[in-house]
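A look at the structure
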Amino acid sequence: MKIHSDRSRIRAAFVNSGKFGFPEAERKLASMCLTIHLDESVASTPAGQAAALTAVLTGARCFSTVTITGAINAPLLVDLPVGGACVGDAAKRFGAKTKPSSAPSRLVLIGGSGSGQPGWAVRAIWNGWSGGIAPASQNVTIGRSDCPLAGIAAGALAVGHAFFAEQDDRRAGRTMQGVSLWTPDLGGGVGQAWMDDPGPLYREVFLPEALWLVGLGNLGQAFMWSLTWLPYADPARLMLFLQDDDLVGEENWGTSVLVRRGRYNVLKTRVAEEWAEHCGYKVRRIDRRLDEQMRRTVTEPGIALAGLDRMPARRLLGLPGFDYVIDAGLGADAHDFHRLRVNVFDADRTPSEHFEGVEDKTADRIETIKQLPAYQAHGRKSAEASCGMVELAGISVAAPFVSAVAGALAITQVIRIASNLAPYSSIYGPLDDLRGVRAVQGNVSPRATIGSVAANPSGSI
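Summary of the structure given here. Keep in mind the model is a prediction, meaning the values are calculated, not measured. Starting afresh in each chain, residues are numbered from 1 along the sequence in its written order. For this predicted model, a pLDDT threshold of at least 70 governs which residues receive local features, and a threshold of 80 or more governs which side-chain atom pairs are given and counted, while totals over whole chains, interfaces and linings are taken from all residues. To obtain the side-chain values, all non-hydrogen atoms of the structure were used and water was disregarded.

1. With respect to the overall build of the protein
Here is the rule: Going along the chain from the N terminus, every DSSP run of H or I of four or more residues is numbered as a helix, and every run of E of two or more is numbered as a strand. Throughout, radius of gyration means the C-alpha value; the globule benchmark is 2.2 Å times the number of residues raised to the power 0.38. Only protein chains enter the area calculation, which uses a 1.4 Å probe; residues under 20% of their type maximum are buried, those over 50% are exposed, and those in between are partly exposed. Working definition of accessibility: Shrake-Rupley area with a 1.4 Å probe, residue cover restricted to the visible protein chains.
Regarding its fold elements, the protein presents 15 helices and 16 strands. The C-alpha atoms of the protein give 21 Å as radius of gyration, which agrees with the globular expectation for 461 residues (23 Å, within 12%). A principal-axis box enclosing the C-alpha atoms of the protein has dimensions of 60 × 55 × 40 Å. Here the protein holds 461 residues, and the buried ones make up 61% of them. Split by element, the accessible area of the protein, about 17,500 Å² in all, is 48% carbon and sulfur.

Now the structure itself:
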């Protein structure tokens, strides 16, 4: 068994739960199948296409086989860096098949209305800036489909609940639930408050002119995926600074949505740069870690989007002098990997103060995981296996559907800032039960260095 494989962080969700050994987890992953059906009524909308392709991108990394059916010949509304002219072309390049299989499969329906479906099935739903899921049998009317960020959240949530069902979570996909990206304090549990307030028309908001992305792993690439769908009339109006010094490893494929399978040992900044330049954005690469000496100038991006997994680095985010820091964080073990948090920091609320006294729990987590029967059995196989047990136990659990939802929430806060509206200073909660989502609205403090540009007046991508 390879310690690092392209699904090692997905495998850890099963093994680290204590319910699976390594061979059982590998067999489980090999047997998991997902079908995504794109309804014709939403196939030519920004939200519908974003939901379908997000479901494919994240599903292909968590399930052995992903099949997409339905209105897949709809012309693409965005020029994705994978070639192809229709949804089906992009889906195949993202790892999906287009010919239905007879194997048992979880079913994700993109749009449409309630209908009886054999087996487990969930529907991705949305209205404006709100995205969520409902049981396939529940008749829910799809609302405004102009906001692809809501589609991203809905598609990711649907795949997430299909994955939770594979983990034997009996609640998965059984209730209608979701979240409003624009006003996440509406509550997203059972009920429809989050669905009834669609937020502003997508063409009425303003978009950022410059962003600084710190960390281009699973969260940083989720930010890029959401940015891909923003309706810039002229994409060259957006300048991106991309900062990281890590190389893409095989284990990154399972969590990072821009990584191509088999293309490893390249800089993560290079992967993000190639994607961004295809989208028409201007790019500056910074192939180094954030440290105590780094400072931004007034001509460089004033908003930082950060996806870092270690506390010392996150405490440094306030030092360069950004006007806003939008920091996203995820759970790391089998019991909390489905949890996310988005923090927005400004001059009145800094990362160093917020994270003061908060230490990494990696060492404690590794010691706990090493005691699980699966790891003890692996360590007894040979001296080599015993020596590698610490490295194996150090692999954190991560799933791309969690990053995708966090990315959509984070980019929405950027849009609120660019639109001269107060962002939410804190958004946190679990994706398996969105009744636990909590949000606190912050303050608006406009800065001249942020810059904004009107969204495409046509209201389309």
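2. Section: the pairing of strand β10 (residues 282-286)
For clarity, the threshold we go by: Only strands joined by at least two bridges in the DSSP assignment are considered to pair. The path from the first strand over the helix to the second decides the hand: if it runs clockwise while the strands point away from the viewer, the crossover is right-handed.
Looking at chain direction, strand β9 (residues 239-243) and β10 are connected through 5 bridges and run parallel. Paired with F241 across the strands is R284, a residue of β10. Note that the unit made of β9, helix α8 (residues 268-278) and β10 has a crossover that is right-handed.

3. Some thoughts on the sheet that holds strand β4 (residues 121-127)
Stated precisely, the cut-off is as follows: Axis lines are fitted through C-alpha atoms, for helices just across the contact stretch, and the angle between N-to-C directions can take any value from 0 to 180 degrees.
Taken together, the 6 strands give an open sheet; going across it, the order is β2-β1-β3-β4-β5-β6, and neighbouring strands pair in mixed fashion. With partners counted over all chains shown, the strands left at the sheet margins are β2 (65-70) and β6 (177-180), one partner each. Between one strand axis and the next, the sheet turns through 20° on average, direction left out of account. Across 4 bridges, the pairing between strand β3 (residues 106-110) and β4 is parallel. Note on β4: the bridge partner recorded for L109 is R123.

4. Here we look at the packing of aromatic side chains
For the record, the criterion: The aromatic pairing rule takes the rings of Phe, Tyr and Trp, using the six-membered ring of Trp, and pairs them if the centres are within 6.5 Å, calling planes under 30 degrees apart stacked, those over 60 edge-to-face and the rest tilted. Distance and angle both matter: a charge sits over a ring if NZ of Lys or CZ of Arg is within 6 Å of the ring centre and within 35 degrees of the ring normal.
All told, the structure shown has 17 aromatic pairs when counted by the stated rule. When the centroid spacing of 4.7 Å and the interplanar angle of 45° are considered together, the rings of W129 and W182 count as tilted. Of this pair, W129 sits in the loop between β4 and β5 (130-135) while W182 sits in the loop between β6 and α6 (193-196), placing them 53 residues apart in sequence. No difference in accessibility class separates W129 from W182, as the two residues are buried. Ring geometry for F163 and F401: centres 5.6 Å apart, planes at 50°, overall tilted. Of this pair, F163 sits in helix α5 (residues 148-166) while F401 sits in helix α15 (residues 400-418), and the two are 238 residues apart along the sequence. In terms of burial, F163 and F401 fall into one category: buried. When the ring centre of Y428 is taken as reference, the NZ or CZ atom of R341 above it lies at 4.4 Å. Here the basic side chain of R416 rests over the ring of W182, its NZ or CZ set 4.9 Å away from the ring centre.

5. Brief notes about the pattern of salt bridges
Rule in force here: Criterion for a salt bridge: a side-chain nitrogen of Lys or Arg within 4 Å of a carboxyl oxygen of Asp or Glu.
In total, this model carries 20 salt bridges according to the counting rule given. The residue D146 makes a salt bridge to R144 at a minimum N-O spacing of 3.2 Å. A salt bridge links K370 to E367; the shortest N-O distance between them is 3.3 Å. With K370 and E367 both in helix α11 (residues 362-370) and 3 residues apart, this pair spans about one turn of that helix. Here the salt bridges do not stand alone but share partners, grouping D169, R171, D432, D433 and R435 into one network.

6. Here we look at the pairing of β5
Counting buried positions over the 6 residues of β5 gives 6, a clear majority of the element. Alternating positions in β5 separate into two faces, S130, G132 and A134 on one and G131, I133 and P135 on the other, with burial throughout. Both β4 and β5 contribute to a ladder of 6 bridges, which runs antiparallel. Residue pairing in the sheet places V122 in a bridge with P135 of β5. When β5 meets β6, the two strands line up antiparallel, connected through 4 bridges. Note that in β6 the partner of S130 across the bridge is S180.

7. Digging into the sheet that holds strand β15 (residues 438-441)
Applicable threshold: Any pair of residues with heavy atoms lying within 4.5 Å of one another is described as a contacting pair.
As summarised here, the arrangement of the 8 strands in space is β10-β9-β8-β11-β12-β13-β14-β15, forming an open sheet in which the pairing is mixed. In the strand order of this sheet, the two ends are held by β10 and β15, each with one partner. Shown here is a sheet whose adjacent strand axes are inclined to one another by a mean of 15°, direction ignored. Sheet contacts for α8: β9 and β10; angle to β10, the most-contacted strand, approximately 175°. Set on the sheet, α15 makes contact with β8 (210-214), β11 (303-306), β12 (324-330), β13 (339-345), β14 (424-430) and β15; between it and β13 the angle comes to about 20°.

8. Quick look at the packing of helix α3 (residues 46-62) against α5
Packed helices, taken two at a time, are described by their axes: the angle between them and the distance between them. Worth spelling out the cut-off: Left-handed is the label given to a crossing in which the near helix is rotated counterclockwise from the far helix by less than a right angle, and right-handed is the label when the rotation is clockwise. Only Asp, Glu, Lys and Arg are considered charged, only Ala, Val, Leu, Ile, Met, Phe, Trp, Tyr, Cys and Pro nonpolar, and every remaining residue, Gly among them, polar.
Between α3 and α5, whose axes approach to 7 Å, the crossing angle comes to 35°. The handedness of the crossing between α3 and α5 is right-handed. Packed against α3, whose contacting residues are P46, A47, A50, A51, T54, A55, T58, G59 and C62, the element α5 presents P148, G151, I152, G155, A156, V159 and F163 at the interface. Tallied by class, residues from the contact of α3 with α5 come to 11 nonpolar, 5 polar and no charged.

9. Quick look at the side chain of Q177
The residue Q177 is located in strand β6 in this model. On the basis of relative accessible area, Q177 is assigned to the buried category, the value being 3%.

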